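These are the residues of each chain, in order.
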Amino acid sequence: MRPGTLLRVAHLNELVTFTGVGVCRRGLIGCRQRILWARTARNEPIALNPAFNEYGYYVAHQATCPDGKRFRNAACS
């Protein structure tokens, strides 16, 4: 996939722009799974699971990350 490709995201009414690939981590926290990075129309970054679902939509990684709760707790500290 090339940077600039438009992607459809589940539960998001707007297309996002693919910017690159990465790994789910923040310091020692993270599941270390491969993720796709994209930007919304408001230029906010969003991490996506690399495989789309059966309907052709990508899913936000924060919705499926097993370490998602630890990310939220780290942000509040």
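What you see is a predicted model, and the numbers here were worked out from it, not measured in a lab.

Novice: How do you make sense of the overall build of the protein when you look at a structure like this?
Specialist: Tallying secondary structure elements over the protein gives one helix and four strands in all. When the helices and strands of the protein are placed in sequence order, the string is β-β-β-β-α. Out of the 77 residues belonging to the protein, those deemed buried represent 31%. Expressed as a percentage of contacts within the protein between residues at least 6 apart in sequence, the contacts between residues at least 24 apart total 31%. Carbon and sulfur atoms provide 52% of the accessible area of the protein, an area that totals close to 5,500 Å².

Novice: Looking at this model, I keep getting lost on the nonpolar core. Mind explaining?
Specialist: Side chains that are nonpolar tend, in soluble globular proteins, to be buried together. Listed in full, the 10 residues of the largest apolar core are Leu7, Val9, Val16, Phe18, Leu36, Ala38, Ile46, Leu48, Tyr58 and Ala60. Elements that contribute at least two residues to this core include exactly strand S2 (16-23), strand S3 (34-39) and strand S4 (45-48). When near neighbours in sequence (up to four residues on either side) are disregarded, Phe18 contacts Met1, Arg2, Pro3, Gly4, Thr5, Leu7, Leu36, Trp37 and Ala38. Listed in part, the five residues of the second largest apolar core include Cys24, Cys31, Ile35 and Ala47.

Novice: I keep staring at the sheet that holds S4 and nothing clicks. Help me out?
Specialist: Read across the sheet, four strands follow the order S1-S2-S3-S4 without closing on themselves; strand pairing throughout is antiparallel. Every interior strand has two partners, whereas the edge strands, strand S1 (6-7) and S4, have only one.

Cut-offs applied
Counting restarts for each chain: residues are numbered from 1 in the order of the written sequence. Only residues with pLDDT of at least 70 get local features here, since the model is predicted, and only at 80 or more are side-chain atom pairs given and counted; chain-wide, interface and lining totals rely on the full set of residues. Water and hydrogen atoms play no part in the side-chain values, which are based on all heavy atoms of the structure. Counting from the N terminus, the helices are DSSP H or I runs at least four residues long and the strands are E runs at least two residues long. To sort residues, take the accessible area from a 1.4 Å probe on protein chains only and compare it with the maximum for the residue type: under 20% means buried, over 50% means exposed, and anything in between is partly exposed. Contacts are assigned to residue pairs that have any heavy atoms within 4.5 Å of one another. Only the protein chains shown count as cover for residues, with accessible areas throughout obtained via the Shrake-Rupley method and a probe of 1.4 Å. Joining through side-chain atoms within 4.5 Å is the link that ties buried Ala, Val, Leu, Ile, Met, Phe, Trp, Tyr and Cys residues into a set, and such a set is a nonpolar core. The rule for pairing is simple: two strands pair if DSSP sees at least two bridges between them.

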